[in-house]
Amino acid sequence: MSDCSISPPGVVTAPVLEVRGLNVRAGAKPLLRDVSFAVRAGQVFGLIGPSGAGKSTLLRCLNRLSDLIPGLHVSGDVALHGTSIYAAGADVNALRAKVGMLFQQPVVFPASVEDNVLFGAQRLRPLSRSDRAALVESALREAALWDEMKDRLRTAATLLSVGQQQRLCLARTLAVQPQVILMDEPTSALDPKSTQAIEDLIVRLKARHTIVLVTHNVAQARRVTDWLACVCVRNGAGEIVESACCDAVLGNPQCREVIEYLSA
Ligand SMILES: Nc1ncnc2c1ncn2[C@@H]1O[C@H](COP(=O)(O)OP(=O)(O)O)[C@@H](O)[C@H]1O
Ligand SMILES: [Mg+2]
(Lines give C-alpha, C1' and ligand atoms only; values in the text may rest on other atoms or scores of the structure.)
(Ligands and ions follow the chains in the order given, each with its own letter.)
Protein backbone atom coordinates (compact mmCIF):
# COMPACT_ATOMS: atom_id res chain seq x y z
CA MET A 1 0.00 0.00 0.00
CA SER A 2 1.18 3.51 -0.81
CA ASP A 3 2.27 5.77 2.01
CA CYS A 4 1.51 9.27 0.70
CA SER A 5 0.23 11.54 3.43
CA ILE A 6 -1.53 14.89 3.59
CA SER A 7 0.36 15.73 6.80
CA PRO A 8 3.62 17.70 6.59
CA PRO A 9 6.70 15.46 6.25
CA GLY A 10 7.59 13.76 9.51
CA VAL A 11 4.22 14.52 11.15
CA VAL A 12 2.12 11.43 11.80
CA THR A 13 -1.32 12.25 13.14
CA ALA A 14 -3.31 9.67 15.08
CA PRO A 15 -6.21 8.33 13.05
CA VAL A 16 -9.70 9.63 13.80
CA LEU A 17 -11.19 6.33 12.69
CA GLU A 18 -9.36 3.04 12.48
CA VAL A 19 -10.82 -0.15 11.06
CA ARG A 20 -8.93 -3.28 12.12
CA GLY A 21 -9.51 -6.69 10.58
CA LEU A 22 -13.23 -6.18 9.99
CA ASN A 23 -15.17 -9.21 8.76
CA VAL A 24 -18.87 -9.12 8.01
CA ARG A 25 -21.16 -11.97 7.09
CA ALA A 26 -24.89 -12.30 6.48
CA GLY A 27 -25.74 -15.68 7.99
CA ALA A 28 -23.08 -17.95 6.49
CA LYS A 29 -22.40 -15.68 3.49
CA PRO A 30 -19.22 -13.59 3.82
CA LEU A 31 -19.77 -9.97 2.70
CA LEU A 32 -16.49 -8.30 3.77
CA ARG A 33 -13.14 -9.90 4.56
CA ASP A 34 -10.29 -8.57 6.69
CA VAL A 35 -10.88 -4.87 6.01
CA SER A 36 -8.38 -2.52 7.65
CA PHE A 37 -7.75 1.17 7.08
CA ALA A 38 -7.17 4.41 8.96
CA VAL A 39 -8.87 7.75 8.34
CA ARG A 40 -7.01 10.85 9.44
CA ALA A 41 -8.33 14.28 10.44
CA GLY A 42 -9.10 16.75 7.73
CA GLN A 43 -9.24 14.03 5.14
CA VAL A 44 -11.90 13.02 2.67
CA PHE A 45 -11.45 9.26 2.59
CA GLY A 46 -13.09 7.81 -0.52
CA LEU A 47 -14.39 4.28 -1.00
CA ILE A 48 -14.91 3.19 -4.59
CA GLY A 49 -15.57 -0.11 -6.25
CA PRO A 50 -18.15 -2.05 -8.23
CA SER A 51 -21.78 -2.27 -7.21
CA GLY A 52 -22.36 -5.07 -4.71
CA ALA A 53 -18.76 -5.06 -3.46
CA GLY A 54 -19.80 -4.14 0.11
CA LYS A 55 -19.18 -0.37 0.32
CA SER A 56 -22.54 0.46 1.95
CA THR A 57 -22.21 -2.49 4.33
CA LEU A 58 -18.75 -1.27 5.33
CA LEU A 59 -19.96 2.29 5.89
CA ARG A 60 -22.80 1.07 8.11
CA CYS A 61 -20.26 -0.77 10.31
CA LEU A 62 -18.55 2.55 11.06
CA ASN A 63 -21.45 3.86 13.17
CA ARG A 64 -23.05 0.52 13.98
CA LEU A 65 -26.09 1.04 11.78
CA SER A 66 -25.13 -2.53 10.90
CA ASP A 67 -26.60 -3.54 14.30
CA LEU A 68 -30.04 -2.84 12.84
CA ILE A 69 -29.70 -5.35 9.98
CA PRO A 70 -30.99 -8.77 11.06
CA GLY A 71 -28.59 -11.64 10.43
CA LEU A 72 -25.51 -9.45 9.96
CA HIS A 73 -22.45 -10.52 11.99
CA VAL A 74 -19.55 -8.13 12.42
CA SER A 75 -16.16 -9.11 13.87
CA GLY A 76 -12.87 -7.27 14.10
CA ASP A 77 -12.90 -3.72 15.41
CA VAL A 78 -13.47 -0.07 14.60
CA ALA A 79 -11.92 2.57 16.86
CA LEU A 80 -12.96 6.21 17.04
CA HIS A 81 -10.10 8.30 18.45
CA GLY A 82 -8.58 5.09 19.77
CA THR A 83 -11.70 3.79 21.54
CA SER A 84 -13.48 0.71 20.26
CA ILE A 85 -17.02 1.42 19.07
CA TYR A 86 -17.81 -2.29 19.47
CA ALA A 87 -16.64 -2.54 23.11
CA ALA A 88 -19.18 -3.96 25.55
CA GLY A 89 -21.26 -1.10 26.94
CA ALA A 90 -20.39 1.36 24.14
CA ASP A 91 -23.15 4.00 23.86
CA VAL A 92 -24.52 3.52 20.34
CA ASN A 93 -26.65 6.68 20.37
CA ALA A 94 -23.68 8.80 21.38
CA LEU A 95 -21.62 7.06 18.70
CA ARG A 96 -24.16 7.90 15.97
CA ALA A 97 -24.10 11.54 17.05
CA LYS A 98 -20.30 11.57 16.69
CA VAL A 99 -20.38 9.64 13.43
CA GLY A 100 -23.21 11.06 11.33
CA MET A 101 -24.46 9.70 8.03
CA LEU A 102 -25.86 10.94 4.75
CA PHE A 103 -27.59 8.46 2.44
CA GLN A 104 -28.08 8.11 -1.30
CA GLN A 105 -31.68 9.34 -1.07
CA PRO A 106 -32.30 12.22 1.33
CA VAL A 107 -34.37 11.06 4.30
CA VAL A 108 -36.41 14.02 5.56
CA PHE A 109 -39.11 13.71 8.19
CA PRO A 110 -42.65 14.93 7.48
CA ALA A 111 -42.09 18.05 9.57
CA SER A 112 -40.86 21.61 9.03
CA VAL A 113 -37.38 22.54 7.81
CA GLU A 114 -36.58 23.82 11.31
CA ASP A 115 -37.76 20.64 13.06
CA ASN A 116 -35.74 18.53 10.64
CA VAL A 117 -32.57 20.45 11.51
CA LEU A 118 -33.23 20.07 15.24
CA PHE A 119 -34.32 16.41 15.13
CA GLY A 120 -31.10 14.83 16.46
CA ALA A 121 -29.69 17.79 18.37
CA GLN A 122 -32.67 18.19 20.70
CA ARG A 123 -32.47 14.53 21.67
CA LEU A 124 -28.91 15.03 22.86
CA ARG A 125 -29.37 18.09 25.09
CA PRO A 126 -32.12 20.48 26.17
CA LEU A 127 -32.33 23.52 23.89
CA SER A 128 -33.80 26.89 24.81
CA ARG A 129 -35.77 28.87 22.24
CA SER A 130 -32.72 31.02 21.44
CA ASP A 131 -30.44 27.93 21.29
CA ARG A 132 -32.82 26.44 18.77
CA ALA A 133 -32.88 29.52 16.56
CA ALA A 134 -29.08 29.87 16.67
CA LEU A 135 -28.53 26.19 15.91
CA VAL A 136 -30.98 26.18 13.00
CA GLU A 137 -29.24 29.19 11.48
CA SER A 138 -25.68 27.92 11.98
CA ALA A 139 -26.44 24.41 10.67
CA LEU A 140 -28.32 25.75 7.63
CA ARG A 141 -25.49 28.20 6.94
CA GLU A 142 -22.91 25.41 7.19
CA ALA A 143 -24.96 23.36 4.71
CA ALA A 144 -25.23 26.36 2.33
CA LEU A 145 -29.02 26.41 2.74
CA TRP A 146 -29.65 29.43 4.95
CA ASP A 147 -30.26 31.98 2.20
CA GLU A 148 -32.81 29.71 0.53
CA MET A 149 -34.52 28.66 3.79
CA LYS A 150 -34.40 31.66 6.13
CA ASP A 151 -37.95 32.68 5.16
CA ARG A 152 -39.21 29.10 4.88
CA LEU A 153 -38.25 27.59 8.24
CA ARG A 154 -41.86 26.43 8.91
CA THR A 155 -42.26 24.98 5.40
CA ALA A 156 -42.72 21.20 5.20
CA ALA A 157 -39.35 19.66 4.35
CA THR A 158 -41.07 17.25 1.95
CA LEU A 159 -41.90 20.23 -0.31
CA LEU A 160 -38.22 21.03 -0.95
CA SER A 161 -36.38 19.90 -4.07
CA VAL A 162 -34.33 16.70 -3.73
CA GLY A 163 -31.11 18.76 -3.79
CA GLN A 164 -32.39 21.01 -1.00
CA GLN A 165 -33.54 17.95 0.97
CA GLN A 166 -30.05 16.45 0.76
CA ARG A 167 -28.50 19.68 2.08
CA LEU A 168 -31.18 19.71 4.82
CA CYS A 169 -30.11 16.19 5.82
CA LEU A 170 -26.54 17.47 5.95
CA ALA A 171 -27.67 20.41 8.14
CA ARG A 172 -29.43 17.93 10.49
CA THR A 173 -26.22 15.91 10.72
CA LEU A 174 -24.08 19.02 11.29
CA ALA A 175 -26.42 20.26 14.05
CA VAL A 176 -25.20 17.46 16.32
CA GLN A 177 -21.57 18.49 15.66
CA PRO A 178 -20.29 15.12 14.46
CA GLN A 179 -16.59 14.30 14.35
CA VAL A 180 -17.01 12.11 11.30
CA ILE A 181 -19.56 12.26 8.48
CA LEU A 182 -20.22 9.11 6.47
CA MET A 183 -21.67 9.73 3.01
CA ASP A 184 -23.07 6.90 0.91
CA GLU A 185 -23.23 8.06 -2.73
CA PRO A 186 -24.77 11.35 -1.54
CA THR A 187 -25.17 12.84 -5.00
CA SER A 188 -26.37 9.87 -7.01
CA ALA A 189 -30.01 11.07 -6.84
CA LEU A 190 -29.12 14.71 -7.58
CA ASP A 191 -28.93 16.91 -10.67
CA PRO A 192 -25.55 18.39 -11.69
CA LYS A 193 -26.14 21.73 -9.92
CA SER A 194 -27.10 20.08 -6.62
CA THR A 195 -24.20 17.64 -7.03
CA GLN A 196 -21.83 20.58 -7.38
CA ALA A 197 -23.31 22.17 -4.22
CA ILE A 198 -22.68 18.97 -2.22
CA GLU A 199 -19.15 18.60 -3.63
CA ASP A 200 -18.35 22.21 -2.70
CA LEU A 201 -19.63 21.51 0.80
CA ILE A 202 -17.53 18.35 1.15
CA VAL A 203 -14.39 20.30 0.29
CA ARG A 204 -15.33 23.07 2.75
CA LEU A 205 -16.43 20.78 5.57
CA LYS A 206 -13.27 18.69 5.63
CA ALA A 207 -11.44 21.44 7.51
CA ARG A 208 -13.61 20.69 10.56
CA HIS A 209 -14.97 17.21 9.95
CA THR A 210 -13.48 13.96 8.81
CA ILE A 211 -15.42 12.56 5.88
CA VAL A 212 -15.75 9.03 4.53
CA LEU A 213 -17.36 9.17 1.09
CA VAL A 214 -18.63 6.23 -0.93
CA THR A 215 -18.85 7.29 -4.54
CA HIS A 216 -19.57 5.56 -7.79
CA ASN A 217 -18.36 8.55 -9.68
CA VAL A 218 -14.63 8.50 -10.49
CA ALA A 219 -14.65 12.17 -11.56
CA GLN A 220 -16.16 13.05 -8.19
CA ALA A 221 -13.52 10.98 -6.38
CA ARG A 222 -10.86 12.92 -8.30
CA ARG A 223 -12.46 16.28 -7.38
CA VAL A 224 -13.02 15.76 -3.65
CA THR A 225 -11.13 12.82 -2.11
CA ASP A 226 -7.65 12.84 -0.62
CA TRP A 227 -7.33 9.11 -0.13
CA LEU A 228 -9.02 6.27 -1.98
CA ALA A 229 -9.62 2.68 -0.96
CA CYS A 230 -11.03 0.32 -3.58
CA VAL A 231 -13.43 -2.40 -2.46
CA CYS A 232 -13.69 -5.36 -4.85
CA VAL A 233 -15.05 -8.89 -4.51
CA ARG A 234 -12.34 -11.53 -4.19
CA ASN A 235 -13.20 -15.15 -3.45
CA GLY A 236 -16.82 -14.23 -2.78
CA ALA A 237 -16.37 -11.31 -0.34
CA GLY A 238 -15.47 -7.64 -0.51
CA GLU A 239 -11.88 -6.77 0.27
CA ILE A 240 -9.86 -3.57 0.08
CA VAL A 241 -7.63 -4.43 -2.85
CA GLU A 242 -5.86 -1.09 -3.15
CA SER A 243 -5.52 1.92 -0.86
CA ALA A 244 -3.45 5.01 -1.60
CA CYS A 245 -3.76 8.73 -2.14
CA CYS A 246 -6.33 9.64 -4.74
CA ASP A 247 -3.84 10.69 -7.42
CA ALA A 248 -1.90 7.43 -7.09
CA VAL A 249 -4.98 5.18 -7.38
CA LEU A 250 -6.54 7.07 -10.27
CA GLY A 251 -3.28 7.86 -12.08
CA ASN A 252 -1.43 4.61 -11.59
CA PRO A 253 -3.69 1.82 -10.32
CA GLN A 254 -1.86 -1.36 -9.36
CA CYS A 255 -4.53 -4.06 -9.08
CA ARG A 256 -6.16 -5.75 -12.04
CA GLU A 257 -9.64 -5.29 -10.49
CA VAL A 258 -9.06 -1.56 -10.01
CA ILE A 259 -7.71 -1.11 -13.53
CA GLU A 260 -10.80 -2.90 -14.88
CA TYR A 261 -13.16 -0.89 -12.68
CA LEU A 262 -11.61 2.44 -13.69
CA SER A 263 -11.69 1.62 -17.38
CA ALA A 264 -15.29 0.32 -17.35
N1 LIG B 1 -28.53 -8.01 4.99
C2 LIG B 1 -27.98 -8.65 3.97
N3 LIG B 1 -28.17 -9.97 3.80
C4 LIG B 1 -27.61 -10.63 2.77
N5 LIG B 1 -26.83 -10.06 1.86
C6 LIG B 1 -26.62 -8.74 1.95
C7 LIG B 1 -27.17 -7.97 3.00
N8 LIG B 1 -26.77 -6.70 2.85
C9 LIG B 1 -26.00 -6.67 1.74
N10 LIG B 1 -25.91 -7.89 1.21
C11 LIG B 1 -25.13 -8.27 0.04
O12 LIG B 1 -23.82 -7.83 0.29
C13 LIG B 1 -23.21 -7.38 -0.89
C14 LIG B 1 -22.70 -5.97 -0.71
O15 LIG B 1 -23.79 -5.07 -0.66
P16 LIG B 1 -23.58 -3.49 -0.49
O17 LIG B 1 -22.83 -3.25 0.77
O18 LIG B 1 -24.91 -2.86 -0.62
O19 LIG B 1 -22.66 -3.18 -1.75
P20 LIG B 1 -22.30 -1.79 -2.47
O21 LIG B 1 -22.71 -0.69 -1.56
O22 LIG B 1 -20.83 -1.85 -2.72
O23 LIG B 1 -23.07 -1.77 -3.76
C24 LIG B 1 -24.24 -7.53 -2.01
O25 LIG B 1 -24.03 -8.74 -2.66
C26 LIG B 1 -25.56 -7.56 -1.23
O27 LIG B 1 -26.51 -8.29 -1.94
MG1 LIG C 1 -24.04 0.89 -1.85
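Colleague: Tell me about the site of ligand 1, and please be specific about residues and values.
Modeller: Taken together, Ala 26, Leu 31, Ser 51, Gly 52, Ala 53, Gly 54, Lys 55, Ser 56, Thr 57, Ile 69, Gly 71 and Leu 72 form the complete shell of residues around ligand 1. The element that contributes the greatest number of residues to the shell around ligand 1 is helix α1 (residues 55-61), accounting for three residues. Across the shell around ligand 1, the residue classes tally to five nonpolar, six polar and one charged.

Colleague: Any details on the environment of Leu 68? Residues and values, ideally.
Modeller: With respect to the helices and strands, Leu 68 occurs in the loop between α1 and β4 (72-80). Expressed as a C-alpha distance, the spacing of Leu 68 and Leu 124, which sit 56 residues apart in the sequence, is 21 Å.

Colleague: Let's hear about the pairing of strand β3 (residues 44-48): which residues, and what values?
Modeller: Taking burial as the measure, the five residues of β3 include five buried ones, the bulk of the element. Burial along β3 is two-sided: the face carrying Val 44, Gly 46 and Ile 48 and the face carrying Phe 45 and Leu 47 are both buried. Two elements, β3 and strand β8 (residues 210-214), share four bridges in a ladder whose sense is parallel. Residue pairing across strands places Val 44 opposite Ile 211, the latter belonging to β8. As judged from the four bridges shared by β3 and strand β9 (residues 227-234), these two strands associate in the parallel manner.

Colleague: Any chance you could break down helix α8 (residues 192-205) for me, citing the residues and the numbers?
Modeller: In this model α8 runs 20 Å from its N-terminal to its C-terminal C-alpha over 14 residues, within 8% of the 20 Å that 1.5 Å per residue would give. All buried positions along α8 are accounted for by Ala 197, Ile 198, Leu 201 and Ile 202. Taken down its axis, α8 places every buried residue within 140 degrees of arc, on the same side. Turned more than 90 degrees away from the buried face of α8 sit Pro 192, Lys 193, Val 203 and Arg 204, all of them exposed.

Colleague: I'd like a rundown of unusual backbone geometry, residues and numbers included.
Modeller: The phi dihedral of Arg 64 falls on the positive side, at around 60 degrees, and the residue is not glycine. Its location among the elements puts Arg 64 in the loop between α1 and β4. The phi torsion at Gln 177 lies on the positive side, around 50 degrees, for a residue other than glycine. Structurally, the position occupied by Gln 177 is in the loop between α7 (162-174) and β7 (180-184). With 16 C-beta atoms counted inside 10 Å, the residue Gln 177 sits in the partly exposed group.

Quick notes on the rules
Residues numbered from 1 in each chain as written. Chains lettered and ligands numbered in written order. Predicted model: local features only at pLDDT ≥ 70, side-chain atom pairs only at ≥ 80, totals over all residues. Near = placed C-beta within 6 Å. Helix = DSSP H or I, 4+ residues; strand = E, 2+ residues; numbered from the N terminus. Nonpolar A, V, L, I, M, F, W, Y, C, P; charged D, E, K, R; others polar. Buried ≥ 20, exposed ≤ 12 C-beta atoms within 10 Å, placed from the backbone. Pairing = 2+ DSSP bridges. Expected span 1.5 Å × (residues − 1). Arc of directions from axis to C-beta.

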